[in-house]
Amino acid sequence: MIIETSKAYGFTIGHCKSGLFNLIKNTDTDPEAAFKLGMMYLKGQNVEQNTHKAMFYLNQARNLGHGKADITFAYLYKYGAPDLEKDPLEAAEFFRCAALFSKDGFKELAFVDEDALWEAFNLFLYGGESRKPLCVRSALSVLSDLREKRSPYAATACKKAMPLLTQNQQGRKVRCYEAGKFKE
């Protein structure tokens, strides 16, 4: 089987399989190799498209600390893929993970991607296609993260979200977050 040269993945395969085999061999220790192979399987480039194998290698890249793995999972769950149904709650969780990264084994979280945090907030509060809140508490927590990082739109979002957060759900009020404090 002849595999074409691919500069997009940072290696040259040429007219043999050795480049692909070397990539596979390195996925246990090299996050970039695992991520590249996962994306190849996801897109079906130089290999047969296989979402399950893509998820395996992308998860391997995530475990090895690849910076783009969480955001890739977030979009996969938000929009779905062949053999992978949409899951807005999983997408929101991955967007939140992609927005934050840990230092010193989760002792200190650092803010990385405000756009990903807003994606998480919108999914938690407004849901996926159903437009129903997935998890109000998580939406509040994300909004708190945004306010803490002085996001310019966090205060506006608080005002717009307040009516949704204070609505009566199954006969009881939801605790809402306002000006840095929880209130009934």
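As shown above, the structure is provided for reference.
Residues numbered from 1 in each chain as written. Predicted model: local features only at pLDDT ≥ 70, side-chain atom pairs only at ≥ 80, totals over all residues. Heavy atoms only, no water.

Peer 1: Whenever I open this one, the pattern of salt bridges confuses me. Can you help?
Peer 2: It is possible for side chains bearing opposite charge to pair when their charged atoms get close. Counted by the stated rule, this structure contains three salt bridges. In this structure, Lys78 and Glu119 form a salt bridge, with 2.6 Å as the shortest nitrogen-oxygen distance. Residue Lys78 is found in helix α4 (residues 69-79), and its partner Glu119 is found in helix α6 (residues 114-126); the two are separated by 41 residues along the sequence. (Salt bridge = Lys/Arg side-chain N within 4 Å of Asp/Glu carboxyl O. Helix = DSSP H or I, 4+ residues; strand = E, 2+ residues; numbered from the N terminus.)

Peer 1: What is the right way to read the environment of Arg147 from this model?
Peer 2: Its place among the elements puts Arg147 in helix α7 (residues 136-148). It is 9.3 Å that separates the C-alpha atoms of Arg147 and Cys158, two residues lying 11 residues apart in sequence.

Peer 1: Any chance you could explain the packing of α6 against α7 here in plain terms?
Peer 2: For any two helices packed against each other, one specifies the inter-axial angle together with the distance between the axes. Two numbers describe how α6 lies on α7: the axes approach to 8 Å, and their chain directions differ by 155°. Here α7 runs roughly antiparallel to α6, going by the angle between their axes. The two elements α6 and α7 meet at a crossing, and its hand is left-handed. Seen from α6, the contacting residues are Glu114, Leu117, Trp118, Ala120, Phe121, Phe124 and Leu125; seen from α7, they are Ser138, Ala139, Val142, Leu143, Asp145 and Leu146. When grouped by side-chain class, the residues that make up the contact of α6 with α7 number 10 nonpolar, one polar and two charged. (Axes fitted to C-alpha atoms, helices over the stretch in contact; angles between N-to-C directions. Parallel < 35°, antiparallel > 145°, perpendicular 65-115°, else oblique. Left-handed = near helix turned anticlockwise from the far one by under 90°. Contact = heavy atoms within 4.5 Å. Nonpolar A, V, L, I, M, F, W, Y, C, P; charged D, E, K, R; others polar.)

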